[in-house]
Structure formats: C-alpha cells, structure tokens
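Coordinate analysis (summary)
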Amino acid sequence: LNARAVNYKFVRAAQEILGEENVFATATEEASHEAIKTIVARGYEYIVPGGGDGTLCTIINSLVDARKADKVHDTTKLPKFAYLPLGTGNGMAPLVGLRFRGRTKIIKMQKTLTRLKEIVDECEKNSDMIMPLLKCPMVEVTRPESTNSTVPNSELCFFAGSGFDSLMLSDFNIIKRWSKRRVKPIRRFLGSVAGYSVALVTRTLPSCLIWGKHKLICRITIPKASASANASRATSTGTYWMDPRRGDTAIKVRPNNCQSNKDFFPDDIGEDRQLLFEGTTGIVAAGATPYYGGGLKLFPFSRVQPHGMHLRIGRINPFVGFLNIPWIFRGTYRHYNMKCLDFVGKDFEVELSKPYPFQHSGEADRWPLKKFRLRVADEELEFVDFLKPRVVLGYDE
C-alpha cells in the first residue's frame, strides 16, 4: 500500500484480512524497495498493489530489478497482480474491473480483499477452479544514456509521452503542492481527479492558447523490418495506421526512404529504421492499455494487437480539444484531416527538436527529454480480472 495515498484505516483493514505480516505500507521509494526485496524472497504468488498508476509501475519496476539482482529467482515469472485503485487517476482500474470512489472506498476495498482471499483459498483446495486472469502488455521506455545516475535508463509503464498531457501533469503537480498549505477540503478536492480539470482550465489551456507551450517538433521512426513484413491483419507484426475515413480500418504502413529536415534533426535515420512522422504536434503519447486515468480513454486502439500498443499524435488546437472533451474521454473522437493520427505497433522511437517535459504512468518525469524509445516489453503481466465474465451462447428473441 502506498501510505501517502491511504490512511491508517486502510492499512489496518488490509492487515485484518490478509495478516499483518503480509501487508507492507510504504511512504518512500527506499521503503518500497526494501519491501519488494522481502516479497521476492518470500515468493508470493499474488501481489495486491494499492495506490495509483505511478505506485503500480514503481512496484513492477522494483520487482523486475529485485528479480535481476536475486540470482535464485532471476528466471522466475513475475507474480500475479490484484490491483486496488487507491490513487488519483487509476488508469488500470476500468481494465481490471474495479473502481473505488468517495467515502465507500474503504468498504469496497475490504469486500474486494475478502473475496480475493476466498477465491485464492478455493483455488488452492480445488485444482479445477481457475482464477480469472487478464494478460496485459507493458510499454518499455528507454531513455538515452544519462550522466545523472538517479534517472534509470529503462522503465516499464502502461502509458507515456510528451506534449499537452505532460504539461497538464506538471501543472497538476504545481496545484497539488499549492493545496498542501490550504485547508483539508481544498487539499482533498485539488488532489483528486477534479484537480486535473482545475489545472487544465487555469494553467495548461491558457498557456497553450496564448504562448503555444504545447507545440513540439518531433520525428518518429519505426523498424524497417516491421514496416516491410508481409501481413494482412492488424493482429500480425507491423505498424498500422487506423484510418478514420474507413471506420478505423487498420492500414499497414508502407516502407519508405523519406529523409528528415536537417534544420531540426541533423542526424540521419538509422539504417534499420524508417520515418513514420515528422512535424509539429501537441501530443505524442503511447499506451498499452486504453485508459490514461480518470476514465480518459486516450488509447482506444491499444488492444487491437494482442501484444501491441497505440501511439497517438494529436495536432488539434487545444481549444478544439477542450470543446471535444466528452468524445475524447469516451475514446470516440476522430479527425478526418490528419489532425489526430493513430498508429498501432510495437516499437516507436521519438526525437524532439529540443528537450521537453515527459511523463509516464501519470507522473511527470524528473528531467525533460529530447529522445526516447517506446517498445512493447517481452513479458506480459497477469492481473486478476474482477469483471464478471460474459459468454454469448446464443440470442434471446
């Protein structure tokens, strides 16, 4: 449990159900790493992370690092995850079928943990019973080598990118820091999903409309082998453009030998890569799951490929985006004049003309980036699926 996201009541409730020795409440990154070492040594089959997307990804990355460091367990699979959405954005919550809201949050958590413990116990006693699991790919973010040792070169996450979204997250963090000096109701309100809306209206949108702070010039490349592979379906390997004119038909990206504008990108494109996009955009972000956080379905095509991700290049005016928020939230917004480009693939390398704020997992990165690579990680994660299964056996007249 992220002790900064919950109070002692949540911790105590979890301890009563799962046992005090099996609950780790951590408030710092160092404490989290120590808890992960203990978890790896004990060999738990299931882990129940409680917090937001940032907490979940921190735990996953710590598990991967601890597994590499532990020579005994370095080849074992990662444990299964039963995610409790106790953070702010909770982008993974709709995917796994859990949503905790308001004052009933602790009650729902208790019911979920109790039911989860019952199912795990039943699975251990009855071999015919199977835990409902959902496989989910992750995005591996690779940064260029940095002299700053505090910034990891590679991390796993569910969504990442630069542009309008990273600016809004930065503004949201500023508002949260400001609210810490205010009374509790204001602090709680601005620290919730509502804080994103306040940041958008009071800071991000005005700065983008007046000064164009969201605009960035980028070059995106993909592997040549991926582009030239013979495939006829979006479930095959390759990179695809989702054509809104044809009802979101997946069109395979053709091989090309296009060159870059030397004024912005003097370095040549690698021999093993080809140009996908170059120009000005307001957002370039990718996700292996449909939801960004707070119910925002920013990556509706993320599951088109079973082991792929959705790259979105948003070039619309911020005011136009603001007017279309309901459709953007539902994942149904489309632009037929190439102002919103959607690609599905497994490997995208992004270069910017100058360093720009970067975010992943709903958390602003410590340092602006000029270049980063987004790839689908080889290993998929398994999450406990809390949604009730729906099997169509026929139809009712």
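Below, the structure is looked at part by part. (Residues numbered from 1 in each chain as written. Predicted model: local features only at pLDDT ≥ 70, side-chain atom pairs only at ≥ 80, totals over all residues. Heavy atoms only, no water.)

1. Points about the pairing of strand β6 (residues 139–142)
Pairing between β6 and strand β7 (residues 154–157): four bridges, direction antiparallel. Looking at the pairing, Val139 lines up with Cys157 of β7. Across four bridges, the pairing between β6 and strand β19 (residues 369–376) is antiparallel. Bridge pairing in β19 links Val139 to Val376. (Pairing = 2+ DSSP bridges. Helix = DSSP H or I, 4+ residues; strand = E, 2+ residues; numbered from the N terminus.)

2. Details of empty space enclosed by the protein
Rolling a probe over the atoms, with the probe sized like a water molecule, indicates the empty space that remains. Following the criterion strictly, the structure yields one cavity of 30 Å³ or more and no others. By volume, the largest cavity amounts to about 50 Å³. What lines the largest cavity is Lys77, Leu78, Pro79, Lys80, Phe81, Glu379, Glu380, Leu381 and Glu382. Put simply, the parts of the chain that give the lining of the largest cavity at least two residues each are β3 (80–81) and β20 (381–384). The residue makeup of the lining of the largest cavity, split by class, is four nonpolar, no polar and five charged. (1 Å grid on protein atoms, 1.4 Å probe; cavity = no way out; pocket = protein on both sides within 12 Å on 5 of 7 lines; lining within 4 Å. Points joined across faces, edges and corners; volume = space filled by probe spheres on them. Nonpolar A, V, L, I, M, F, W, Y, C, P; charged D, E, K, R; others polar.)

3. Let's talk about a positive patch on the surface
On the surface, a cluster of positive charge is contributed by Lys9, Arg103, Lys184, Arg187 and Arg188. In terms of residue count, helix α7 (residues 184–190) provides more of the positive patch than any other element does, three residues in total. Here Arg187 shows up in helix α7. Its relative accessible area of 33% is what places Arg187 among the partly exposed residues. (Patch = residues over 30% accessible without salt bridge, like charges linked within 9 Å, V, L, I, M, F, W, Y side chains within 5 Å. Areas by Shrake-Rupley, 256 points an atom, 1.4 Å probe, with all protein chains shown as cover. Salt bridge = Lys/Arg side-chain N within 4 Å of Asp/Glu carboxyl O. Lys, Arg positive; Asp, Glu negative; His and termini not counted. Charge placed at Lys NZ, Arg CZ, Asp CG, Glu CD. Buried < 20%, exposed > 50% of the residue type's maximum accessible area, 1.4 Å probe, protein only.)

4. Overview of the pairing of strand β14 (residues 309–314)
The element β14 is largely enclosed, with a buried count of six among its six residues. Covered by surrounding structure in β14 are Met309, Leu311 and Ile313 together with His310, Arg312 and Gly314, the residues of both alternating faces. In the sheet, strand β13 (residues 283–287) pairs with β14 via five bridges, with the strands oriented antiparallel. Its bridge partner being in β14, Val284 is matched across the sheet by Ile313. Note that β14 and strand β15 (residues 340–345) share six bridges and pair antiparallel. Counterpart to Ile313 in the pairing with β15 is Leu341.

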